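Each chain is listed here by its residues.
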Amino acid sequence: MDDPPLTQTEMVDHGLLKVQKVSAFSREIEFVSHLHENPLFLPWEHIRDNVIPAVLVTIAFLVVIHQTLAFLLAKRFPSKNPRAYLYSSGSYRATNLLVNLFLGVVGTYHYTQTLPQHPAPSERVEGFDSLYWLAAVQFGYNAWGIPMGLFLANESPGIILHHVCVMVGAFQSGCFSNGCRYINPFFFGLIEMSSIPLSVMNFMKDHGDAYQSAWSFHAIRITFAVSFLFTRVYLWMPEMYQFIRICAVMGYTCTSAPPIIFWTSAITVMVILTFLQLYWASKIVKGLLGIVLGESNNLRISVLKKVV
């Protein structure tokens, strides 16, 4: 009769678990090492005929949509109020809402329906060239968002840094042969679902205290908080780990400077983006605690008033 398989504890005692992990890592290196034979960039014809036009069309579309919405708002609500710039700001928020809705829905569909659930290590690095357009749209979207954020919406430095990092990642994904396009539907699509309630919340914040005191504003805040924590923390962390892991393997097996620079910059961008997500998540948690504790205090005060 064969002996029963060893438990994980017994494997650790025998030193086998460590050997298995080292062996798995060695196999992963073996699976992806040949990918360094790929040219650094995708064919120039593909970049010229597909990537660059997609970026330019995205920027042009955003400019037209934003200006059209600004014109319609100004015509619908004519005013000599010095705060009329809010019409343009409102159209900026509305444009963000439309783009985030599109990217979020399409990204979620591809992430859950069309991608292999258990990709091989090589699939996380090369292939999926048809998903270049998500990177191109994100590059154009963030290129448009930087001047809009700086000169119209007064976005924070963290938001601008986020735009820049996304553009770097989108450039790498859209133009490099080993562009890790497998994860484009998640990083450039699905996570924008949390930006949909954010666009609505920012619109309400831009338009004064009347909106911010309404129950709907608090509902949107909670919706944004829950969606952010779910997509950009709970779902983000394991995908981030897999991305950094495969980039580290690729960087470890490099033999020339350009690929090393590429993979190092990819890891750096992901670390910065993860830090920003966790920083914003901490502020969101504090805000949620404030809402809960504030409602609890208000309840106590109302009960005391009734008692007195």
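The structure this text deals with has already been given above.
Residues numbered from 1 in each chain as written. Predicted model: local features only at pLDDT ≥ 70, side-chain atom pairs only at ≥ 80, totals over all residues. Heavy atoms only, no water.

Considerations on unusual backbone geometry
Item 1. A positive phi angle, near 55 degrees, is found at Asn154, a position not held by glycine.
Item 2. Positive phi values are uncommon outside glycine, yet Cys180 reaches one of about 50 degrees.
Item 3. Along the chain, Cys180 falls in the loop between helix H6 (157-175) and helix H7 (184-187).
Item 4. On the basis of relative accessible area, Cys180 is assigned to the buried category, the value being 4%. (Helix = DSSP H or I, 4+ residues; strand = E, 2+ residues; numbered from the N terminus. Buried < 20%, exposed > 50% of the residue type's maximum accessible area, 1.4 Å probe, protein only.)

Comments concerning helix H8 (residues 195-206)
Item 1. With 12 residues, H8 should cover 16 Å at 1.5 Å per step; its first-to-last C-alpha distance of 16 Å lies within 8% of that length.
Item 2. Listed as buried for H8 are Ser195, Ile196, Pro197, Ser199, Met201, Asn202, Met204 and Asp206. (Expected span 1.5 Å × (residues − 1).)

A word on the pattern of salt bridges
Item 1. All chains considered together, the criterion is met by four salt bridges.
Item 2. In this structure, the salt-bridge partner of Arg93 is Glu155, at a minimum N-O distance of 3.6 Å. With Arg93 in helix H4 (residues 85-114) and Glu155 in the loop between helix H5 (132-151) and H6, the pair connects residues that are 62 residues apart, well separated along the chain.
Item 3. Among the ionic pairs, Arg232 bridges to Glu192, the shortest N-O distance being 3.4 Å. Of the two residues, Arg232 is situated in helix H10 (residues 215-234) and Glu192 in the loop between H7 and H8; the sequence distance between them amounts to 40 residues. Summarising the burial analysis for this pair, Arg232 and Glu192 share the class buried. (Salt bridge = Lys/Arg side-chain N within 4 Å of Asp/Glu carboxyl O.)

Notes on H6
Item 1. Under the 1.5 Å per step criterion, the end-to-end length of H6 is 27 Å for 19 residues, consistent within 8% with the ideal 27 Å.
Item 2. Of the residues making up H6, those classed as buried are Ile160, His162, His163, Cys165, Val166, Met167, Gly169, Ala170, Gln172, Ser173, Gly174 and Cys175.

Some points on empty space enclosed by the protein
Item 1. For the structure shown, the criterion picks out one cavity of 30 Å³ or more.
Item 2. There is about 50 Å³ of room inside the largest cavity.
Item 3. Around the largest cavity, the lining residues are Arg124, Cys180, Tyr182, Ile183, Glu239, Gln242, Phe243 and Ile246.
Item 4. For the lining of the largest cavity, the per-class residue count stands at five nonpolar, one polar and two charged. (1 Å grid on protein atoms, 1.4 Å probe; cavity = no way out; pocket = protein on both sides within 12 Å on 5 of 7 lines; lining within 4 Å. Points joined across faces, edges and corners; volume = space filled by probe spheres on them. Nonpolar A, V, L, I, M, F, W, Y, C, P; charged D, E, K, R; others polar.)

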